[in-house]
Amino acid sequence: MSHVRDPIDAGPAGATGRSLVRRIDWPALKVPALICLLALALRLLYLHFTGPDPLNSDAAQYSEIARNLASGHGFSAVYPQLATHETAFRPPLYPMLLAGAYWLFGVSTGLARGINVVLGVGVVALTFYVVQRGISRQAALWAALTVAVLPNLIANDTFALDEPLALLLILFMVDCLLHRRWIWAGAAVGALTLTRPSAQFLVVVLAVWVVFRVGWKKMLLFVVMAGLVVTPWVIRNWVQIGTPTITTSNGFNWAAIYGPPAQQRGVFVDPVYSPYYNSHRVLQFNEEKWNSYLERVGVDNLERHPTYLPFVVVRNFAAYFELKPSYNVGAESEDGRDLHIVNGTLWIFYLEVVVGAAGLFLRRKNDAVRLLFIQAAYFTAASLFFIAVPRLRAPIDLTLAVGVGCFAEWAGTRFGRQPPDHVEHPQEMPTETGGPPSTGSVVEVSPAPE
């Protein structure tokens, strides 16, 4: 049996905080710390270039909900109505995080953007930690460096958007699944569902993975925990909105992508402002009925014109993977991004796709890579069938970044004669009944063939 020790060794049970600090392998953290400092510098630089512009579109709505929460007006917003009302149009976790900061320090666009910078640097640090535990230190360093410099992730980390929080939860979820912390893994998936609207069915996909790995009993534990995290929010929506749902934006997405105006123009059409929906505009003042009506319009129109589905998927694929960058100009502008920076750095994404895909293939037998690929494939499919703006590409950007780390590790081992430090299949002591993942325990692993 080989032993792999994390940079932070928690030591024996009952160790004091002082002894814990002494046991930290500080030299091993120097390079990851420098990568995090680079990530911080690049995000602050991007903030400087984009300037103090007001928040637009989704970011403005998140901030509005957070402001209302902080001021005691509940989880409320104006959109998609004309007056402030209790809403479930946005998932709650990210606005709640912003609301806590607003309550402590006051409402500020700079504060909201600064919080995302901190979250983004946290994603870099957690990428290193999770990949080191699940793959190797060499792969972890290169993966963290890639996450630190990717333009799409940098842009996400400088506006009030939920993407960096979602990536933190994805990484935490992957680490818990790898080390068989089923309760914490379920909690992470539940929290992710309350952060990213498209995550509503991810628990089903991952439940299949858990069943094949350890059987249905652990799968039930995983699923039940995810349900427990989501249930209070669903009950709140049932009481205040009139429907036991996670979000009321599903109908909006159906109509915006598959409604008659969207089909006629071949692009996203906001039903809140489209004259086509004027005859039912009164429903807009009841969020549950408006959501149901829009969903019915989109589904019915798709049933009448099923050939429009492949058109949407092909167009979204071209936008999502930057085959037609012109498709993204409107969305990028709405998100407040500097189009000069976007256009000048696209080559980095193309390089990431090629190198990252090769690295993922090389390490395809590794469970960490498999789990990251599963979540990336899930979110990619959700985007291709509905909305595929670049900022929603964050989960696949993260996965490809890990692929870049795997490729760099392979290249270094093959051509630079670096000794590999693989961690193929992390094995833990039986702790499935609870408790957060250990940050410093010695992990015993059995060497497994690549």
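Data block above holds the structure.
Being a predicted model, the structure only gives us computed values, none of them experimental.

Points about the pattern of salt bridges
Link 1 in the chain: In total, this model carries 14 salt bridges according to the counting rule given.
Link 2 in the chain: When the shortest N-O distance is used, the salt bridge between Glu163 and Arg196 registers 3.5 Å. On the criterion of sequence distance, the pair formed by Glu163 in helix 8 (residues 163–178) and Arg196 in the loop between helix 9 (182–193) and helix 10 (202–214) is long-range, its members being 33 residues apart. Side by side, Glu163 and Arg196 carry an identical accessibility label, which is buried.
Link 3 in the chain: Ionic pairing is found between Arg363 and Glu409, a salt bridge with its closest N-O pair at 3.5 Å. With a gap of 46 residues between them, Arg363 in the loop between helix 18 (346–362) and helix 19 (367–385) and Glu409 in helix 20 (residues 394–415) connect regions that are remote in the sequence.
Link 4 in the chain: When salt bridges with common partners are traced through the structure, they connect Asp58, Arg90, Glu163, Arg196, Asp335 and Arg391 into a single cluster.

Some thoughts on a nonpolar patch on the surface
Link 1 in the chain: Nonpolar side chains collect at one region of the surface, where Val208, Val211, Phe212, Trp216, Leu220, Val224 and Leu228 lie side by side and expose about 730 Å² of accessible area between them.
Link 2 in the chain: Counting residues per element, the ones that place at least two in the nonpolar patch are helix 10 and helix 11 (216–240).
Link 3 in the chain: For the nonpolar patch, the element with the highest residue contribution is helix 11, accounting for four residues.
Link 4 in the chain: For Trp216, the location among the structural elements is in helix 11.

Some details on the packing of aromatic side chains
Link 1 in the chain: On inspection of all chains with the given rule, the structure shows 21 aromatic pairs.
Link 2 in the chain: Between Phe89 and Phe252, the ring centres sit 5.5 Å apart and the planes meet at 85 degrees, which makes this aromatic pair edge-to-face. With Phe89 in the loop between strand 3 (85–86) and helix 4 (93–105) and Phe252 in helix 12 (residues 250–258), this pair connects stretches of sequence that are 163 residues apart. Note on accessibility: Phe89 and Phe252 belong to one class, buried.

Focus: the packing of helix 5 (residues 109–134) against helix 8
Link 1 in the chain: Contact geometry of helix 5 with helix 8 gives a least axis separation of 8 Å together with a crossing angle of 20 degrees. By the angle between their axes, helix 5 is roughly parallel relative to helix 8. Helix 8 is crossed by helix 5, and the crossing has left-handed handedness. Of the residues in helix 8, those touching helix 5 at Asn116, Leu119, Gly120, Gly122, Val123, Leu126, Thr127, Tyr129, Val130, Arg133 and Gly134 are Pro164, Leu165, Leu167, Leu168, Leu171, Phe172, Val174, Asp175 and Leu178.

Analysis parameters
- Residues numbered from 1 in each chain as written.
- Predicted model: local features only at pLDDT ≥ 70, side-chain atom pairs only at ≥ 80, totals over all residues.
- Heavy atoms only, no water.
- Salt bridge = Lys/Arg side-chain N within 4 Å of Asp/Glu carboxyl O.
- Helix = DSSP H or I, 4+ residues; strand = E, 2+ residues; numbered from the N terminus.
- Buried < 20%, exposed > 50% of the residue type's maximum accessible area, 1.4 Å probe, protein only.
- Patch = residues over 30% accessible without salt bridge, like charges linked within 9 Å, V, L, I, M, F, W, Y side chains within 5 Å.
- Areas by Shrake-Rupley, 256 points an atom, 1.4 Å probe, with all protein chains shown as cover.
- Phe/Tyr/Trp six-rings, centres within 6.5 Å; stacked < 30°, edge-to-face > 60°.
- Axes fitted to C-alpha atoms, helices over the stretch in contact; angles between N-to-C directions.
- Parallel < 35°, antiparallel > 145°, perpendicular 65-115°, else oblique.
- Left-handed = near helix turned anticlockwise from the far one by under 90°.
- Contact = heavy atoms within 4.5 Å.

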